[in-house]
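# Examination of the molecular architecture
Residues per chain, in single letters:
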Amino acid sequence: MNVWIDKAELEEVKAKLAKWAKELPEDYIPERKNQVSFTEKEFYTIAKRVLNLEKQNKENAKLKLSDFLIGDILWYLIENKEVQAVLYVDSSHEYDIKTNFSHIHGSGKNRIIIIH
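Quick notes on the rules
- Residues numbered from 1 in each chain as written.
- Predicted model: local features only at pLDDT ≥ 70, side-chain atom pairs only at ≥ 80, totals over all residues.
- Heavy atoms only, no water.
- Phe/Tyr/Trp six-rings, centres within 6.5 Å; stacked < 30°, edge-to-face > 60°.
- Buried < 20%, exposed > 50% of the residue type's maximum accessible area, 1.4 Å probe, protein only.
- Helix = DSSP H or I, 4+ residues; strand = E, 2+ residues; numbered from the N terminus.
- Arc of directions from axis to C-beta.
- Expected span 1.5 Å × (residues − 1).
- Contact = heavy atoms within 4.5 Å.
- 1 Å grid on protein atoms, 1.4 Å probe; cavity = no way out; pocket = protein on both sides within 12 Å on 5 of 7 lines; lining within 4 Å.
- Points joined across faces, edges and corners; volume = space filled by probe spheres on them.
- Nonpolar A, V, L, I, M, F, W, Y, C, P; charged D, E, K, R; others polar.
- Axes fitted to C-alpha atoms, helices over the stretch in contact; angles between N-to-C directions.
- Parallel < 35°, antiparallel > 145°, perpendicular 65-115°, else oblique.
- Left-handed = near helix turned anticlockwise from the far one by under 90°.

### Description of the packing of aromatic side chains
- If you walk through the whole model with that rule in mind, you get three aromatic pairs.
- With 6.5 Å between their ring centres and 25° between their planes, Phe38 and Phe43 make a pair best called stacked.
- With relative accessibility at 38%, the residue Phe43 sits in the partly exposed group.
- Plain terms: the ring middles of Phe43 and Tyr44 are 5.2 Å apart, the flat faces sit at 80° to each other, and that makes the pair edge-to-face.
- Of the aromatic side chains, those joined through ring pairs into one cluster are Trp20, Phe38, Phe43 and Tyr44.

### A closer look at helix α3 (residues 70–79)
- Of all the positions in α3, only Ile73, Leu74 and Leu77 are classed as buried. Angular distribution of buried residues about the axis of α3 spans 95°; they occupy a single face of the element.
- Just beyond α3, the residue with positive phi is Lys81, at close to 55°.

### Digging into helix α2 (residues 40–61)
- Between its terminal C-alpha atoms α2 stretches 31 Å, which fits the 32 Å expected from 22 residues at 1.5 Å a residue.
- Along its buried surface, α2 packs onto α1 (7–23).

### Quick look at the environment of Leu24
- As for its placement among the helices and strands, Leu24 is situated in the loop between α1 and α2.
- Leu24 gets classed as partly exposed once you look at its relative accessible area, which sits at 41%.
- Along the sequence, Leu24 and Ala85 sit 61 residues apart, while their C-alpha atoms lie 46 Å from each other.
- For Leu24, the contacting residues outside a window of four places in its chain are Val36 and Phe38.

### Topic: the layout of surface pockets
- Reported here for the largest pocket is a volume of approximately 210 Å³.
- Leu24, Asn34, Val36, Phe38, Glu40, Phe43 and Tyr44 together form the lining of the largest pocket.
- Grouping the amino acids of the lining of the largest pocket by side-chain chemistry returns five nonpolar, one polar and one charged.

### As for the packing of α1 against α2
- Running from N to C, α1 and α2 cross one another at 135°; their axes reach a closest spacing of 11 Å. Viewed along their axes, α1 and α2 adopt a mutual orientation that is oblique. With respect to the hand of their crossing, α1 and α2 are arranged in left-handed fashion. Packed against α1, whose contacting residues are Glu9, Leu10, Glu12, Val13, Lys16, Leu17 and Trp20, the element α2 presents Glu42, Phe43, Ile46, Arg49, Val50 and Leu53 at the interface.
- The residue inventory of the contact of α1 with α2, partitioned by class, reads eight nonpolar, no polar and five charged.

Given below as structure tokens:
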């Protein structure tokens, strides 16, 4: 199972449900036969995907940041364009970062430096 809910899958499911919602009447009458473009199998496939996304969401909600590997966190941040760049500096290297607003210098510990 993936650690993160894939945004593309979520958008695909939402788009399909929104399309189908337009085909269904607003009121329910048991005797009425609704003419829709999707099959029963397609409906239950989407329902199962939604259920799986909900299960995955509940499982991930229990996780703490410390439950993830550094690589997974960095991949997620970069893949979802949350940061511009990430630097990983291990304890054997010295680092010196200068910006218009700050100056950071250090060594002796593993560090992750996020550039936002």
